[in-house]
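Secondary and tertiary structure notes
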Amino acid sequence: MGGCECIMTRCWISFVGTSPVAVVNTIWASCKKAHSFIPERVHLIYTEGPSGTKKHAEEAKAMISTLLQTYGIKNAEIILHAICDKPIFEEYEKLLNSIINGETGEIAIDLTPGRKYMSIFLHHIAMNNEKVDRLFYLLLKDNEYLNELYPVIPYQLQVLFDFKSDVNASK
């Protein structure tokens, strides 16, 4: 039988802010929850420039690799993407659409890390693209735990939202 053999891979897309923990904790929460989403490929988008977040992206990459190994993903593909540190939305949109259109499996986007304008932009892209299946946000109810890893934070102080699935489920 001929044709293309497409491998369906679960993909995670996230901006990276100043806290690598914010990136890792949402993935960790997603892996643990009843409606688990364990990604096999992760796209981390960091900003370049003097206030850039490349160092945080590299830290997050190492932590995510270790985390996903504990969930059976031995060779997670974690890809770093650089963008300008100024909000150039055309550049952001071009990169995100390129990532999304290049994926063949289930796609999740994380709104948690990064600046507010980045989260708003990601929300817009996700809600207007049928290829995006999940849209996560991890709410932390107590800032005392801001830079703590997921299992250290009391579970009642964390709420994982999946805006895309929850919205679609209520229709």
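We now turn to the structure provided with this report. The structure displayed is predicted, hence computed values, not measured ones. (Residues numbered from 1 in each chain as written. Predicted model: local features only at pLDDT ≥ 70, side-chain atom pairs only at ≥ 80, totals over all residues. Heavy atoms only, no water.)

1. Notes on helix H3 (residues 89-102)
Relative to the 20 Å expected for 14 residues at 1.5 Å per residue, H3 spans 20 Å between its end C-alpha atoms, a close match to the ideal helical length. Taken residue by residue, H3 has Tyr92, Leu95, Leu96, Ile99 and Ile100 as its buried positions. Relative to the axis of H3, the buried residues are bounded by an arc of 125 degrees and lie together on one face. Residues Glu90, Lys94, Asn101 and Gly102 are exposed on H3 and point more than 90 degrees away from its buried face. Residues of H3 that are buried make contact with strand E1 (11-15), strand E2 (41-47), strand E3 (77-83), strand E4 (107-110), helix H4 (116-127) and strand E5 (132-140). (Helix = DSSP H or I, 4+ residues; strand = E, 2+ residues; numbered from the N terminus. Expected span 1.5 Å × (residues − 1). Buried < 20%, exposed > 50% of the residue type's maximum accessible area, 1.4 Å probe, protein only. Arc of directions from axis to C-beta. Contact = heavy atoms within 4.5 Å.)

2. Points about the packing of helix H1 (residues 20-32) against helix H2 (residues 54-70)
Running from N to C, H1 and H2 cross one another at 25 degrees; their axes reach a closest spacing of 8 Å. It follows from the interaxial angle that H1 and H2 lie roughly parallel. Both H1 and H2 take part in a crossing whose hand is right-handed. Seen from H1, the contacting residues are Pro20, Val21, Val23, Val24, Ile27, Trp28 and Cys31; seen from H2, they are His56, Glu59, Ala60, Met63, Ile64, Leu67 and Leu68. Of the residues assigned to the contact of H1 with H2, the class counts are twelve nonpolar, one polar and one charged. (Axes fitted to C-alpha atoms, helices over the stretch in contact; angles between N-to-C directions. Parallel < 35°, antiparallel > 145°, perpendicular 65-115°, else oblique. Left-handed = near helix turned anticlockwise from the far one by under 90°. Nonpolar A, V, L, I, M, F, W, Y, C, P; charged D, E, K, R; others polar.)

3. Focus: the sheet that holds E1
Pairing is mixed across the open sheet formed by six strands, whose spatial order is E3-E2-E1-E4-E5-E6. The open sheet has two free edges, formed respectively by E3 and strand E6 (158-162), since each of these has just one partner strand. Within the sheet, the average angular offset between the axes of one strand and its neighbour, ignoring direction, is 20 degrees. Pairing between E1 and E4: four bridges, direction parallel. Note on E4: the bridge partner recorded for Ile13 is Ile109. Across the sheet, H4 is in contact with E1, E2, E4 and E5; its angle to E5 comes to roughly 150 degrees. (Pairing = 2+ DSSP bridges.)

4. Quick look at the packing of H3 against H4
One can describe the packing of H3 onto H4 by two numbers: an axis separation of 11 Å at closest approach and a directional angle of 45 degrees. One element, H3, and the other, H4, form an angle in the oblique class. Note that H3 runs across H4; the crossing there is right-handed. Each of Phe89, Tyr92, Glu93, Leu96 and Ile100 in H3 lies in contact with H4, whose residues at this interface are Tyr117, Met118, Phe121, Leu122 and Ile125. Residue composition of the contact of H3 with H4, by class: nine nonpolar, no polar and one charged.

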